[in-house]
Amino acid sequence: MNELWYKLKFAVQDDIEQLTARHKTQNAADVLNETIKEAEQQTKAVGKLLERQRILRDEITKELREAEQLTEKRTEQLSLAEATEDEALIHYAKDEAEAYRRRRDELRSLEVETTESMIALERRFESMKHKVKDMQVRRLKLMGEENAKRANSRMDRIFSANLEPSSNEPENRATAKDDDIASMRRRLEELTAEEATVEKIV
């Protein structure tokens with residue numbers, strides 16, 4: 001009976017302490033899990049944006065190379081037009097050369113700006129990934145601390161448990177023993193009386 005009571009007592013204490021520990025750590029764990037989940041989603045989204053930025057930079061570089069080639073070509077054509085002394089042709093060639101030159105300069109500036117922006121974004125992206133990893137490590141730490149607390153709690157209950165029998169138990173045992181002795185004495189008395197009766201008859 002006592003053993004059953006201690007088992008029930010331990011089970012109830014375990015449930016209460018687990019609920020208490022869970023209540024204390026639930027908010028921190030839930031907030032951290034939600035933050036990690038959101039951070040992982042944002043990291044994935046930022047990675048896609050960075051990939052698009054690289055594609056955009058490559059496209060700008062491609063346009064710049066083409067503009068440089070056409071600018072050089074239009075400049076040569078302007079020299080040929082000037083040699084003809086045809087004013088209309090010269091005017092047209094100048095406009096074309098100037099248009100490609102402006103486009104080339106704009107693309108050069110855009111390529112530099114896009115490259116610098118991409119480098120800065122990649123650095124921040126790496127920092128972001130490190131931050132997410134740190135949060136994941138923090139989550140593992142919290143899980144380990146919670147498991148350790150629960151394990152220590154279980155062991156503490158065993159170490160501090162009072163497993164001594166109740167004060168009524170020795171008394172009950174003594175009473176049962178006295179009853180057994182009294183029964184044995186009665187049986188001996190009965191046997192003695194029977195033996196005496198047999199001897200009288202004989």
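In what follows, the structure referred to is the one given above.
This one's a predicted model, so the numbers in the text were calculated from it and none came from an experiment. (Residues numbered from 1 in each chain as written. Predicted model: local features only at pLDDT ≥ 70, side-chain atom pairs only at ≥ 80, totals over all residues. Heavy atoms only, no water.)

## Quick notes on the overall build of the protein chain
Thought 1: A count of helices and strands for the protein chain gives three helices and zero strands.
Thought 2: Scored against the burial criterion, the 202 residues of the protein chain give a buried share of 16%.
Thought 3: Looking at the protein chain alone, contacts between residues at least 24 apart form 86% of all its contacts between residues at least 6 apart.
Thought 4: When the accessible surface of the protein chain is totalled, it reaches about 16300 Å², and 54% of it is carbon and sulfur. (Helix = DSSP H or I, 4+ residues; strand = E, 2+ residues; numbered from the N terminus. Buried < 20%, exposed > 50% of the residue type's maximum accessible area, 1.4 Å probe, protein only. Contact = heavy atoms within 4.5 Å. Areas by Shrake-Rupley, 256 points an atom, 1.4 Å probe, with all protein chains shown as cover.)

## Observations concerning unusual backbone geometry
Thought 1: In the Ramachandran plot, Glu85 falls in the positive-phi region, its phi being about 60 degrees despite a non-glycine side chain.
Thought 2: Mapped onto the elements of the fold, Glu85 is located in the loop between α1 (2-84) and α2 (87-160).

## Quick word on a nonpolar patch on the surface
Thought 1: On the surface, Met155, Ile158 and Phe159 cluster together into a nonpolar patch covering about 350 Å² of accessible area.
Thought 2: Following the sequence through the fold, Phe159 ends up in helix α2.
Thought 3: Overall, Phe159 belongs to the exposed group, its relative accessible area being 68%. (Patch = residues over 30% accessible without salt bridge, like charges linked within 9 Å, V, L, I, M, F, W, Y side chains within 5 Å. Salt bridge = Lys/Arg side-chain N within 4 Å of Asp/Glu carboxyl O.)

## Overview of the side chain of Glu111
Thought 1: Inspection of the secondary structure puts Glu111 in helix α2.
Thought 2: This buried residue, Glu111, is left without a salt bridge; Arg65 holds the nearest opposite charge, at 4.1 Å.
Thought 3: Contact partners of Glu111, with chain neighbours within four places excluded, come to Ile60, Thr61, Leu64 and Arg65. (Lys, Arg positive; Asp, Glu negative; His and termini not counted.)

## A closer look at the nonpolar core
Thought 1: With five residues, the main nonpolar core is built from Leu32, Ile36, Ala39, Val132 and Met135.
Thought 2: Elements supplying a minimum of two residues to this core: α1 and α2.
Thought 3: Broken down by element, the residue count for this core peaks at three residues, all from α1.
Thought 4: Not counting chain neighbours up to four residues away, the residues in contact with Ile36 comprise Met135, Gln136 and Arg139. (Core = buried A, V, L, I, M, F, W, Y, C linked by side-chain atoms within 4.5 Å.)

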